[in-house]
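Listed below are the residues making up each chain.
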Amino acid sequence: MSVVVGGRMTETGLSLGTPHYMSPEQATTEKDLIPRSDMEQEMQTYVLMTKLAPDVGKRVKDRAKLGRAWLQEVKQKCPDVKFLVHYALLGRYDFLDIYEAPDEETAAKVSLISLSHGAFQVESLVAIPYKRFVELIEEI
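Treat the numbers as computed from the prediction; the structure is a model and nothing was measured.

## Here we look at the overall build of the protein
For the protein, the count of helices and strands is 6 helices and 6 strands. Along the protein, from the amino end to the carboxyl end, the secondary structure elements read β-β-α-α-β-α-α-β-β-α-β-α. When burial is assessed residue by residue, the protein has 26% of its 140 residues classed as buried. Nonlocal contacts in the protein, meaning residues at least 24 apart in sequence, comprise 58% of its contacts between residues at least 6 apart. Entry remark: accessible area of the protein is about 10000 Å², with carbon and sulfur atoms responsible for 57%.

Spelled out as structure tokens, the structure:
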């Protein structure tokens, strides 16, 4: 299949786009793409930093149980969220999660679920791959 767009020719087997935002099948020019290929391309990376409420933070022994309940609710209410890493911190925040979500509303739900499970403060940030960030700089 060939299509002329703006004087340029595209065709099957030609890779277009930014590899950081492509599914592995697209980035490696696999011919048989699976349905999730489009979904993976749309996932945005988020960083969630959480500070527990003082009364929750003092219940250290209950932390694993509370964390499992939080994760279960996130999985139930935000099934498209894919957690990449989870860290406990010794500083201004108690936890740092890096995850992928299809949109900012889903990311907001993750933050709100955190607040409903004993977080005193949450900060959610959009993460841009460094290579893409450099490309954005070059565009301005």
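After presenting the structure, the write-up continues.
## Things to note about the pairing of strand S5 (residues 95-101)
With 5 of 7 residues buried, S5 is to be regarded as a mostly interior element. Pairing between strand S4 (residues 82-88) and S5: 6 bridges, direction antiparallel. Bridged to Tyr87 within S5 is Leu96. The turn linking S4 back onto S5 is made up of 6 residues.

## Observations concerning the packing of helix H4 (residues 63-77) against helix H5 (residues 104-116)
Running from amino to carboxyl end, H4 crosses H5 at an angle of 150°, the nearest separation of the two axes being 10 Å. Of the possible angle classes, the one that applies to H4 and H5 is roughly antiparallel. Viewed along their axes, H4 and H5 form a crossing whose handedness is right-handed. Listed contacts from H5 to Trp70, Glu73, Val74 and Lys77 of H4 are Lys109, Val110, Ile113 and Ser114. Residues of the contact of H4 with H5, tallied by class, amount to 4 nonpolar, 1 polar and 3 charged.

## Quick notes on a nonpolar patch on the surface
Residues Val126, Ile128, Tyr130, Phe133, Leu136, Ile137 and Ile140 make up a contiguous nonpolar surface patch of roughly 750 Å² in combined accessible area. The leading source of residues in the nonpolar patch is helix H6 (residues 130-139), at 4 residues. Among the secondary structure elements, Phe133 is positioned in helix H6.

## Some words on the sheet that holds S4
Ordered in space as S4-S5-S3-S6, the 4 strands form an open sheet in which the pairing is antiparallel. Single-partner strands in this sheet number two, and they are S4 and strand S6 (119-127). If you compare each strand with its neighbour and ignore which way they point, the axes differ by 20° on average. The pairing of strand S3 (residues 44-52) with S6 spans 8 bridges and is classified as antiparallel. By the bridge assignment for S6, Leu52 is matched with Ala119. Contacts between H5 and the sheet are confined to S3, S5 and S6, with S6 contributing the most and set at about 160° to the helix.

## Quick notes on H5
Over its 13 residues, H5 runs 18 Å from end to end, which matches the ideal 18 Å to within 8%, given 1.5 Å per residue. Along its buried surface, H5 packs onto S3, H4, S5 and S6. Capping the start of H5 is the job of one residue whose side-chain oxygen sits 3.2 Å from the backbone nitrogen of Glu105: Asp103. In the segment just after H5, Gly118 is the residue with positive phi, at about 100°.

What counts and how
- Residues numbered from 1 in each chain as written.
- Predicted model: local features only at pLDDT ≥ 70, side-chain atom pairs only at ≥ 80, totals over all residues.
- Heavy atoms only, no water.
- Helix = DSSP H or I, 4+ residues; strand = E, 2+ residues; numbered from the N terminus.
- Buried < 20%, exposed > 50% of the residue type's maximum accessible area, 1.4 Å probe, protein only.
- Contact = heavy atoms within 4.5 Å.
- Areas by Shrake-Rupley, 256 points an atom, 1.4 Å probe, with all protein chains shown as cover.
- Pairing = 2+ DSSP bridges.
- Axes fitted to C-alpha atoms, helices over the stretch in contact; angles between N-to-C directions.
- Parallel < 35°, antiparallel > 145°, perpendicular 65-115°, else oblique.
- Left-handed = near helix turned anticlockwise from the far one by under 90°.
- Nonpolar A, V, L, I, M, F, W, Y, C, P; charged D, E, K, R; others polar.
- Patch = residues over 30% accessible without salt bridge, like charges linked within 9 Å, V, L, I, M, F, W, Y side chains within 5 Å.
- Salt bridge = Lys/Arg side-chain N within 4 Å of Asp/Glu carboxyl O.
- Expected span 1.5 Å × (residues − 1).
- Polar contact = N/O pair within 3.5 Å; in protein donor to acceptor, adjacent residues only side chain to side chain.

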